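Fold and geometry: a report
If you want the building blocks of each chain, they are given just below.
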Number of protein chains: 2
Amino acid sequence: MRHFKATLAYDGTDFHGWQIQPNRSTVQGVLKDALAEIEGVPVDVQGAGRTDAGVHALGQVASFALANPIPTDNLLRAMNRLLPEAVRVVSLEQASREFHARHSASGKFYEYRVWRDAICPPFVARYVYHHPYPLDEAAMCKAAERFVGRHDFRSLAAAGGDEVASPVRTIFSSALSRDGERLIYHVRGDGFLYHMVRNIVGTLLDVGRCRLKADDVSAILDNKRRSAAGATAPAKGLCLVRVEYPESTENRLEP
Amino acid sequence: MRHFKATLAYDGTDFHGWQIQPNRSTVQGVLKDALAEIEGVPVDVQGAGRTDAGVHALGQVASFALANPIPTDNLLRAMNRLLPEAVRVVSLEQASREFHARHSASGKFYEYRVWRDAICPPFVARYVYHHPYPLDEAAMCKAAERFVGRHDFRSLAAAGGDEVASPVRTIFSSALSRDGERLIYHVRGDGFLYHMVRNIVGTLLDVGRCRLKADDVSAILDNKRRSAAGATAPAKGLCLVRVEYPESTENRLEP
């Protein structure tokens, strides 16, 4: 068997999230279908992050193994021919047999986009949360920085995640910026609990609306109850930009 | 009654075109629904161009009249609140009672986008025709210029259009250019027959594939039979960018 690392971009609008579910279109599901068609038998596919329904990806990572001797370049093309156009394999490489998209990951980088103008163009609407109302963006910037560091993120995690061994995560960077009408939140960490990015954004929006202050972030983290933080921001603004792996697992075996 | 000129942007992917049809979602249909909700009675809506299913718009123009005394700015906001997010009123102004979106139009400007890279990103896929195969783009550029001028465009019109008084149209500009992986065709004319832009693009693609030569364009126009030209290019690459009106009909009555 050859092991592969596939980097995927997808428009999550019309999928019920990453994780395979019976009778529902999911990203993992369409990938498994495409690979089963190529391999002739069902193929296990692991994803780095279980993105929610409506969440997008520029750099989701999937791992799988195939017996089929198809050259890597042809495999990429065959997968893209079989996948719906809303999901693209943007790169594909052979990986070591130990490589696992989720377990090997050392970090993830997410982007959340808020559209600030009164009118949201239809060609952008699927990929942003449209919030044209007043926000104190300077206060939100200040609050965003307070999430950096190693914290217990229980107050920002929804029930329903299944990696609940520990609610402690390390955020390497957390910052808000503007790109024209886009208010963009970038967060990079060693891992994220279920709904954690969307709950951080919901909390930042509450700061922007002056319902919370930047200085409240520490107390929210210390509180450890979900009710202390802001509401979950809509899925459509979120995008998994990149998954990071330590050098050691990156010793790729090019064919 | 006050008369209005609305400029609309829409993502045509999920609509059965502009023109209202029973039991199908159309752009004109959702506009009429929104305006009926505001006016309390059905409202006639005229569009500048009857875009096909899947065709997009950045600057489609619609005209209508209302008895409701709602201020123009509030009307724009009310319409956008009632419309699906795939359709936006990007600007709205009062117009003279003679203004008619289609009859008053003196020109239209369309863009057709071909994506040339092997992989088409999911966030672009709805708005381009993905054609990663070899094309002689220099020959296509030459052929594009040959459409400029006043011609009988019968060989580039599909049956089914209903403005068939005369098949003669004047093309003011017709040019191909590159923007990264996008091969872009821009065409501006005093009017277009049914499927005419898509058939011009299909003909340009045949030139790119060396099935036709740039010098064949005159003979295709002279032939006046649809079979002489190339196939109809896919709808999803086409976008109505702008509709033009003579200054005289533009004497807008701002409230």
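Analysis parameters
- Residues numbered from 1 in each chain as written.
- Chains lettered and ligands numbered in written order.
- Predicted model: local features only at pLDDT ≥ 70, side-chain atom pairs only at ≥ 80, totals over all residues.
- Heavy atoms only, no water.
- Helix = DSSP H or I, 4+ residues; strand = E, 2+ residues; numbered from the N terminus.
- Rg over C-alpha atoms; globule rule 2.2 N^0.38 Å.
- Buried < 20%, exposed > 50% of the residue type's maximum accessible area, 1.4 Å probe, protein only.
- Contact = heavy atoms within 4.5 Å.
- Areas by Shrake-Rupley, 256 points an atom, 1.4 Å probe, with all protein chains shown as cover.
- Lys, Arg positive; Asp, Glu negative; His and termini not counted.
- Charge placed at Lys NZ, Arg CZ, Asp CG, Glu CD.
- Least-squares fit on C-alpha atoms with pLDDT ≥ 70 in both.
- Axes fitted to C-alpha atoms, helices over the stretch in contact; angles between N-to-C directions.
- Parallel < 35°, antiparallel > 145°, perpendicular 65-115°, else oblique.
- Left-handed = near helix turned anticlockwise from the far one by under 90°.
- Buried area = accessible area lost by both parts, 1.4 Å probe.
- Salt bridge = Lys/Arg side-chain N within 4 Å of Asp/Glu carboxyl O.
- Polar contact = N/O pair within 3.5 Å; in protein donor to acceptor, adjacent residues only side chain to side chain.
- Nonpolar A, V, L, I, M, F, W, Y, C, P; charged D, E, K, R; others polar.
- Pairing = 2+ DSSP bridges.
- Expected span 1.5 Å × (residues − 1).
- Phe/Tyr/Trp six-rings, centres within 6.5 Å; stacked < 30°, edge-to-face > 60°.
- Lys NZ or Arg CZ within 6 Å of the ring centre and 35° of its normal.

The next subject is the overall build of chain A. Tallying secondary structure elements over chain A gives five helices and ten strands in all. In terms of C-alpha radius of gyration, chain A reaches 19 Å, essentially the compact-globule figure of 18 Å for 255 residues. In terms of its C-alpha atoms, chain A occupies a principal-axis envelope of roughly 60 × 40 × 30 Å. Taken over 255 residues, chain A has a buried fraction of 56%. In chain A, the share of contacts with a sequence separation of at least 24, taken over all contacts with a separation of at least 6, comes to 71%. Carbon and sulfur atoms make up 50% of the accessible area of chain A, which totals about 11300 Å². One finds the centroid of the 32 positive side-chain charges in chain A at a distance of 3 Å from the centroid of its 30 negative side-chain charges.

Let us now look at the relation of the copies chain A and chain B. By a simple turn and slide, chain A fits onto chain B: the slide is 0.0 Å along the axis, the RMSD is 0.0 Å, and the turn is 180 degrees. One copy is carried onto the other by what is essentially a two-fold rotation axis. Taking C-alpha positions as reference, the residue of chain A nearest the rotation axis is F123 of chain A, located at 4.5 Å. Interface overlap between copies is the fraction of interface residues in one copy that are interface residues in the other; for chain A against chain B it reaches 100%, indicating a shared surface.

What follows is about the packing of helix α1 (residues 27-39) of chain A against helix α2 (residues 72-82) of chain A. All names here are of chain A. Between α1 and α2, the shortest axis-to-axis distance is 9 Å and the interhelical angle comes to 125 degrees. Judged by the angle between their axes, α1 and α2 are oblique. The interaxial crossing formed by α1 with α2 has right-handed handedness. Where α1 abuts α2, its residues L31, A34, L35, E37 and I38 lie against L75, A78, M79 and L82.

Let us look at the interface of chain A and chain B. Taken together, the contact between chain A and chain B spans 22 residues of the former and 22 residues of the latter. When the two sides are added together, the surface that chain A and chain B hide from each other amounts to roughly 1600 Å², 68% of it contributed by carbon and sulfur. Among the residues chain A hides against chain B, the three largest losses belong to I119, P122 and F123 of chain A. Together they make up 40% of the total. Where chain A meets chain B, there are two salt bridges. Taking the shortest distance from any N to any O, the salt bridge between K236 of chain B and E85 of chain A comes out at 3.0 Å. Our count for the chain A to chain B interface comes out at two residue pairs in polar contact (both at pLDDT 80 or more). Of all elements in the fold, only β1 (2-10), β3 (56-66), α2 and β4 (87-95) of chain A reach the threshold of two or more residues within the side of chain A that touches chain B. Across the side of chain A that touches chain B, the residue classes tally to 14 nonpolar, two polar and six charged.

Residues and elements named next belong to chain A. Counting buried residues in strand β5 (residues 107-115) gives nine out of nine residues, a clear majority hidden from the surface. In β5, alternate side chains face the same way, and those of G107, F109, E111, R113 and W115 on one face and K108, Y110, Y112 and V114 on the other are all buried. Pairing geometry for β5 and strand β10 (residues 238-244), over six bridges, is antiparallel. Paired with G107 across the two strands is E244, which belongs to β10. Inspection of the sheet shows β5 paired to strand β9 (residues 182-189) by eight bridges, in the antiparallel sense.

Moving on, we get to helix α4 (residues 196-208) of chain A. All names here are of chain A. Here α4 is 13 residues long and its end C-alpha atoms lie 18 Å apart, about the 18 Å a rise of 1.5 Å per residue gives. Extensive coverage of α4 is indicated by the burial of 13 of its 13 residues. One or two steps after α4, the chain reaches C210, where phi turns positive at roughly 65 degrees.

Now for the pattern of salt bridges. Overall, the coordinates contain 32 salt bridges over all chains when judged by the stated rule. A salt bridge links E244 of chain A to R188 of chain A, with the nearest nitrogen and oxygen atoms 2.8 Å apart. You can see E244 of chain A sitting in strand β10 and its partner R188 of chain A sitting in strand β9, a full 56 residues away along the chain. In this structure, the salt-bridge partner of D206 of chain B is R209 of chain B, at a minimum N-O distance of 3.0 Å. A relative accessible area of 27% means that R209 of chain B is categorised as partly exposed.

Right, let's talk about the packing of aromatic side chains for a bit. For the structure on display, the rule yields nine aromatic pairs over all chains. Aromatic pair Y127 of chain A and F123 of chain B: ring centres 5.1 Å apart, planes at 85 degrees, arrangement edge-to-face. Taken together, the residues span two chains, with Y127 of chain A in the loop between β5 and β6 (129-130) and F123 of chain B in the loop between β5 (107-115) and β6 (129-130). The ring of F109 of chain A has R242 of chain A lying over it, and the distance from NZ or CZ to the ring centre is 4.7 Å.

Interpretation note: all reported values are geometric properties and have no functional meaning in isolation.
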